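Descriptive analysis of the structure
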Amino acid sequence: MECGCDEVGRGCLAGPVCAAAVIFPYDYVNESINDSKQLTAAKREELRTIIERDALAFCVAEVSEKEIDEINILKASIKCMNDAVGKLSIKPDFLLIDGNKFEDRWKIPYKCVVKGDATYLSIAAASILAKTYRDDLMTRLDAEYPVYDWKNNKGYPAPKHIAAVMQHGFSPYHRRSFHLKNQLSLDFGE
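Predicted model, so just to flag it, every value in this text is computed and none were measured. (Residues numbered from 1 in each chain as written. Predicted model: local features only at pLDDT ≥ 70, side-chain atom pairs only at ≥ 80, totals over all residues. Heavy atoms only, no water.)

**Some points on helix α4 (residues 121–144)**
A rise of 1.5 Å per residue sets the reference length of α4, with its 24 residues, at 34 Å; its end C-alpha atoms lie 35 Å apart and thus fit the reference within 8%. With respect to burial, α4 is a largely interior element, 17 of its 24 residues being buried. (Helix = DSSP H or I, 4+ residues; strand = E, 2+ residues; numbered from the N terminus. Expected span 1.5 Å × (residues − 1). Buried < 20%, exposed > 50% of the residue type's maximum accessible area, 1.4 Å probe, protein only.)

Right, here's the structure in full:
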């Protein structure tokens, strides 16, 4: 029972990091499922429905911006993937993890795969679920804080988002540990 895991939102200035875990039937094939970054938003939404229908089990988890600030983004990403795996309705026998760092808290054998979302179907599916879930969340948060344009930039450091932070300051959803001065080469007069 192989499970693919991926996360999204590590490079964002605002919002949670989200991760998904997906288990497909052993012989499952779907040529359309690919790395979420290679797909249009409409195609990701279409595939999300198919993945949720066809998967034996799936789960999407999130770690808040506050917890990211407390433990750091790498630990938050690893925690988030573990949370997704732990909430699956089926316990997997093996984990395929997108990236090069992971610490399994469930005592399940795993393999880290750099660019795994372009290599393994289950990781690609996890990337689609994590991305669509987080995009939906950031669009909902945009209604609360439209000045940051999250419906379009999803919390990433896009020029309009940076300009809004410079003019209006942080929202409660911004990560304080992502020092904008250093990350974005901005002078905050400090």
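Having seen it, we continue.
**Notes on the packing of helix α1 (residues 41–54) against α4**
Look at α1 against α4: their axes get within 9 Å of each other, and the N-to-C directions meet at 120°. Put simply, α1 runs oblique to α4. Read as a crossing pair, α1 and α4 show a hand that is left-handed. Across from Arg44, Glu45, Leu47, Arg48, Ile51 and Glu52 in α1, the residues of α4 making contact are Ala125, Ile128, Leu129, Lys131, Thr132, Tyr133, Asp135 and Asp136. (Axes fitted to C-alpha atoms, helices over the stretch in contact; angles between N-to-C directions. Parallel < 35°, antiparallel > 145°, perpendicular 65-115°, else oblique. Left-handed = near helix turned anticlockwise from the far one by under 90°. Contact = heavy atoms within 4.5 Å.)

**Things to note about the sheet that holds strand β5 (residues 110–113)**
Spatially, the 5 strands line up as an open sheet ordered β3-β2-β1-β4-β5, and their pairing is mixed. This sheet does not close on itself; its edge strands, each paired only once, are β3 (57–63) and β5. For this sheet, the mean angle separating the axes of adjacent strands, direction not counted, is 20°. Relative to strand β2 (residues 17–23), strand β1 (residues 2–8) is paired through 6 bridges, and the arrangement is antiparallel. (Pairing = 2+ DSSP bridges.)

**Focus: the side chain of Asp35**
Of note, Asp35 is situated in the loop between β2 and α1. Look at Asp35 and you get buried, because its relative accessible area is 5%. Excluding residues that lie within four positions of it along the chain, Asp35 makes contacts with Asp117, Ala118, Ala124 and Ser127.

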